[in-house]
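Notes for the structure review
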Amino acid sequence: MLGEIIRRRFNFRFATILTSIIVLSGCSNSLVPEDGNDPIEGVNRAVHSFNKGLDTAVLRPVSKGYGTVVPETFRHVINNEVRYVQLPVTFANSVLQGNVERAGDTAARFFVNSTLGGLGALDPATDMGIPEHSEDFGQTLAVWGVGSGPYVELPLLGPTTVRDGLSRVADTALSPLTYIGQGTTTSIVKAAETPVRVVDTRERFGSLIDEALYESDDSYTVVRNTFLQRRRNAILNGNIDAETLPDIYNDEAF
Amino acid sequence: MKRRTFFALTSAFTLSTMMSASSAFAVTTGEARSLVENVANQVLTLIRQPGAPQSKTGELKSIMAQSVDMRQVAGAALGRYARGTNPGQRDRYVAVYQDYVARIYANRFSEYSGETISINGAQDFGRKGVVVDSSVNANGQTINIKWQVRDNRSGQPKINDIIVEGLSMISSQQAEFTQMIQQLDGDVDAFITRLQTLGT
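Structural notes, computed from the coordinates. (Residues numbered from 1 in each chain as written. Chains lettered and ligands numbered in written order. Predicted model: local features only at pLDDT ≥ 70, side-chain atom pairs only at ≥ 80, totals over all residues. Heavy atoms only, no water.)

1. Things to note about the layout of surface pockets
In this model, the second largest pocket occupies a volume close to 1100 Å³. Thr-244 of chain A together with Ser-168, Ile-170, Ser-171 and Gln-174 of chain B are, among the 48 residues lining the second largest pocket, the residues nearest its centre. Residue assignment for the lining of the second largest pocket shows that the elements contributing at least two residues are helix H2 (41–69) and helix H11 (219–235) of chain A together with helix H4 (70–77), strand S4 (157–164) and helix H6 (169–183) of chain B. (1 Å grid on protein atoms, 1.4 Å probe; cavity = no way out; pocket = protein on both sides within 12 Å on 5 of 7 lines; lining within 4 Å. Points joined across faces, edges and corners; volume = space filled by probe spheres on them. Helix = DSSP H or I, 4+ residues; strand = E, 2+ residues; numbered from the N terminus.)

In structure tokens form, the structure reads like this:
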């Protein structure tokens, strides 16, 4: 009975979120995000300087410390776990996109790394040549034909679009971490997941993020453009869209 | 031979010659592939050499000058501001741009060593050329690199764009450069001066 009520409420909330995503993103007819769609650039730029300040003061020093103090083997295990806990989300979204191949790869990867890999601490799936994919609900909505909506830079969470930002809620709902029981260990895992992922990513892409944030004249533009291109690539599963290929001979000879 | 048959035969011959001539102008997937293989191997050899990244910029610049249509790429990176430039500005900018790209990439490569590249395939995009798909294994990670190869105006196959994990070099530079010029109130000369020291 209680379960039924929770399920109904959840379904209702889910449907509301989905509707608002579709309505909010409806103003753009492009499935993949575009650079030009940034109507709240002023607000975004203010948030960007806040995020950049936070990176300078906290995230960059913490991730540098993590990279030098923590042994590489341990960091490797952490990174395996960070990628492992995302697999159910990728699996669910592959199914929602009707992508049987990616769903199969992800299920196989999850099975191998759960068993031989000791619940994701090791990554024997990669050694066995099982491809790794990353799918989220924002990509699923894009495949279903929902436009990206405007670009948004969120405090702490960083660059996203209206569609992709709102769809994070759905990914939380699709993640088993949301539903696993109580107890101290589970609480710690749940609480630590996001900060650990953020530090792991910041450390792994350290020099590229440094380059974007501190070695360009306008880090806001660089971050926005990089995010939107990476997003398009994720939606297209790494395939090339002929439309967006540069055409350097279109103009007169330079 | 009847005149009609003769006419049909000659036109078929002309048509087929025209078709083969036009396909000779467009780069084939095989040609694009070997161009990329050649360039990638030159770059990987350069990376393996000992020495500071700054000592490698000169050679990287000459590898790129041979295989990439640097002048046209430089123009594309200026986006909407390319049209308004005069010949003097263009020459100055192209020289500064070539140094800038060599400097940036030499620095990026300095983090890697012992890479191998494998070509996964090549896809023909017609007018927009051929895209060669490759994987570089670097520090235990696999990085996807795509190379857009297209004939230049003299019919020689040249690299137009390099797409690393979905990030197009031209697209990234165009976003960055046009924003810089806009912030300089459209002053291309001031931008060229700034580009000389960017990434140093």
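Still more to cover.
2. Here we look at the pairing of strand S1 (residues 151–154) of chain A
All names here are of chain A. Judged from the four bridges that link them, S1 and strand S2 (residues 158–161) form a sheet pairing that is antiparallel. Paired with Leu-154 across the bridge in S2 is Gly-158. From the end of S1 to the start of S2, which pair antiparallel, there are three residues, and Leu-156 there has a positive phi angle of about 65°. (Pairing = 2+ DSSP bridges.)

3. A few points about the environment of Thr-178 of chain B
Residues and elements named next belong to chain B. Structurally, the position occupied by Thr-178 is in helix H6. Taking the C-alpha atoms as reference points, Thr-178 and Ser-135, 43 residues apart in sequence, are found 31 Å from one another. Dropping the residues within four chain positions of it, Thr-178 is found in contact with Leu-78, Gly-79, Arg-80, Tyr-81 and Gln-173. Within polar-contact distance, the side chain of Thr-178 engages the backbone oxygen of Gln-174 at 2.6 Å. (Contact = heavy atoms within 4.5 Å. Polar contact = N/O pair within 3.5 Å; in protein donor to acceptor, adjacent residues only side chain to side chain.)

4. Regarding empty space enclosed by the protein
Under the criterion given, the structure shown has two cavities of 30 Å³ or more. Mapped onto the lining of the largest cavity, the elements with two or more residues apiece are helix H3 (72–84) and helix H5 (100–115) of chain A. For the lining of the largest cavity, the leading source of residues is H3 of chain A, giving three residues. Classifying every residue of the lining of the largest cavity gives two nonpolar, two polar and four charged. Approximately 40 Å³ is the volume found for the second largest cavity. Lining the second largest cavity are Met-64, Val-68, Met-70, Val-101, Ile-162 and Met-169 of chain B. Within the lining of the second largest cavity, the residues separate by chemical class into six nonpolar, no polar and no charged. (Nonpolar A, V, L, I, M, F, W, Y, C, P; charged D, E, K, R; others polar.)

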